[in-house]
Amino acid sequence: MNKKLKLGIPKGSLQNATVSLFRRSGWKINVEGRSYFPDIDDDTIECALCRAQEMSINVESGVIDAGLTGLDWVAEHESDVHVVADLVYSKVSSRPARWVVAVAGDSDINNLEDLEGKTISTELVKFTQRYFQSRNINVNVKFSWGATEAKIVSGLADAIVEITETESTIRAHNLKVIHEMMKTNTQLIANKTAWKDPVKREKIEQIAMLLQAALVAEKLVMLKMNVPESKLPAVVELLPSLNAPTVASLYQSDWFSVETVVEISVVRDLVPQLLKAGAEGIIECSLNKVI
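Residues numbered from 1 in each chain as written. Predicted model: local features only at pLDDT ≥ 70, side-chain atom pairs only at ≥ 80, totals over all residues. Heavy atoms only, no water.

A. Broad picture of the state of the cysteines. Considering all chains together, one arrives at 0 disulfides under this definition. There is no disulfide at C50, and the cysteine sulfur nearest it, in C47, is 12 Å away. (Disulfide = S-S within 2.5 Å.)

See below:
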């Protein structure tokens, strides 16, 4: 039996972000030319590129043991897979994307009920059909091969169901969002038979742990500084920390070395406060993983 883990890497918009995330997690994936089988510096893993839209189908069937895809595509195909971990990352931001219903900006359609008998264009056909059926709203859902926003402008649809993170593309086409259908983020999913295999499961769990650790580290930095004993209480009072700051006395000195991990977003305000409180020699260090 092949004990190598067959790992699916999403081809398309998430590909570069996924390869980058794996690199920060400790794996180097090398995608060359048009090959669908990237090299990875781990003899226990075989990689394959797969469209995110098809990933859960291939994982469920066992063609791939585990892979990364959106919650939306798992829901679209109602795939029977094991969800190992939520991984909030994307090509744009570190927040979940949203599937929304949008119409022309000057449309008199303002809610889902107003779409009764209307035509909707989307890539997420099956989920959209089930969503409206569950609300007893009759709509005509058509598959979109892309450029979905333009379907309204060209008169091919009355509304669209489209994924967005910032709504910038939707606004650029003079559309308005009237409803949010679902939030979605990338998930690490596994074939249920592979998940029962102890060797493969251990590898999948290792991948999940380190990917999540790298994502946590993206938002954090380590601050190091020197503080005189007389100023130590005031400085420590300012410091947020995962647990508590690390404080160590300097050799033959009444000064201390202080280390802490903080969110990147607070550093620009925190550093001036630390300087005023008496800290010196402040160093900011990036982190690869936080476990």
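Now, onward.
B. Geometry of a negative patch on the surface. Judged by side-chain charge, D106, D108, E113 and D114 come together as a negatively charged surface patch. Looking at where D108 falls in the secondary structure, it is placed in the loop between strand 7 (97-104) and strand 8 (119-122). (Patch = residues over 30% accessible without salt bridge, like charges linked within 9 Å, V, L, I, M, F, W, Y side chains within 5 Å. Areas by Shrake-Rupley, 256 points an atom, 1.4 Å probe, with all protein chains shown as cover. Salt bridge = Lys/Arg side-chain N within 4 Å of Asp/Glu carboxyl O. Lys, Arg positive; Asp, Glu negative; His and termini not counted. Charge placed at Lys NZ, Arg CZ, Asp CG, Glu CD. Helix = DSSP H or I, 4+ residues; strand = E, 2+ residues; numbered from the N terminus.)

C. Geometry of the pairing of strand 15 (residues 255-263). Bridge count between strand 13 (residues 220-228) and strand 15: 9 bridges; the pairing is antiparallel. Along strand 15, the bridge assignment pairs M222 with V261. The turn joining strand 14 (residues 246-249) and strand 15, which pair antiparallel and follow one another in sequence, is formed by 5 residues; a positive phi near 50 degrees is taken by Q252. (Pairing = 2+ DSSP bridges.)

D. Expanded view of the sheet that holds strand 11 (residues 175-184). In space, the 5 strands of this open sheet follow the order 9-8-10-7-11, with mixed pairing throughout. Because the sheet does not close on itself, it has two edges, and the strands there are strand 9 (140-143) and strand 11. For this sheet, the mean angle separating the axes of adjacent strands, direction not counted, is 25 degrees. When strand 7 meets strand 11, the two strands line up antiparallel, connected through 8 bridges. If you follow W99 over to strand 11, its bridge partner there is M182. Against the sheet, helix 4 (residues 125-133) touches strand 8, strand 9, strand 10 (159-164) and strand 11, its axis set at about 100 degrees to strand 11. (Axes fitted to C-alpha atoms, helices over the stretch in contact; angles between N-to-C directions. Contact = heavy atoms within 4.5 Å.)

E. Up close: the nonpolar core. By size, the foremost hydrophobic cluster in this structure holds 29 residues, and its most contacted members are L7, F22, L68, L87, Y89, L188 and I207. Only strand 1 (5-11), helix 1 (15-25), strand 4 (45-51), strand 5 (66-70), strand 6 (82-87), strand 12 (186-190) and helix 8 (198-218) provide two or more residues apiece to this core. Top contributing element to this core by residue count: helix 8, with 7 residues. With sequence-adjacent residues up to four places away left out, L7 is seen in contact with F22, I45, E46, C47, A48, I64, A66, G67, L68 and I207. (Core = buried A, V, L, I, M, F, W, Y, C linked by side-chain atoms within 4.5 Å. Buried < 20%, exposed > 50% of the residue type's maximum accessible area, 1.4 Å probe, protein only.)

F. Examining the domain arrangement of the protein more closely. Entries for the protein in the domain assignment read domain 1 (5-91 + 185-217), domain 2 (97-183) and domain 3 (220-286). For domain 1 and domain 2, the distance between their C-alpha centroids amounts to 29 Å. With 9 residues of domain 1 at the interface, the matching set in domain 2 holds 11 residues. A per-residue breakdown of the area domain 1 buries against domain 2 is headed by D72, W73 and E76, which together make up 55% of the total. (Domains from an automatic or database assignment. Buried area = accessible area lost by both parts, 1.4 Å probe.)

G. Spatial organisation of the side chain of N191. Mapped onto the elements of the fold, N191 is located in the loop between strand 12 and helix 7 (192-196). Among the polar contacts listed, one links the side chain of N191 to the backbone oxygen of E60, at a separation of 3.2 Å. Sequence-distant contacts of N191, that is, excluding residues within four places in its chain, are made with V59, E60, S61, G62, I64 and D65. (Polar contact = N/O pair within 3.5 Å; in protein donor to acceptor, adjacent residues only side chain to side chain.)

H. Molecular detail of the packing of aromatic side chains. Enumeration according to the criterion identifies 5 aromatic pairs in this entry. With 6.0 Å between their ring centres and 65 degrees between their planes, F22 and W27 make a pair best called edge-to-face. A single burial state applies to F22 and to W27, both of which are buried. Centroid distance F143 to W145: 4.8 Å. Interplanar angle 90 degrees. Geometry classified as edge-to-face. Exposure remark for F143: the relative accessible area of 42% places this residue in the partly exposed category. It is K11 that lies over the ring of Y36; its NZ or CZ is 5.2 Å from the centre. The positively charged end of R135 is found above the aromatic ring belonging to Y131, 3.7 Å away from the centroid. (Phe/Tyr/Trp six-rings, centres within 6.5 Å; stacked < 30°, edge-to-face > 60°. Lys NZ or Arg CZ within 6 Å of the ring centre and 35° of its normal.)

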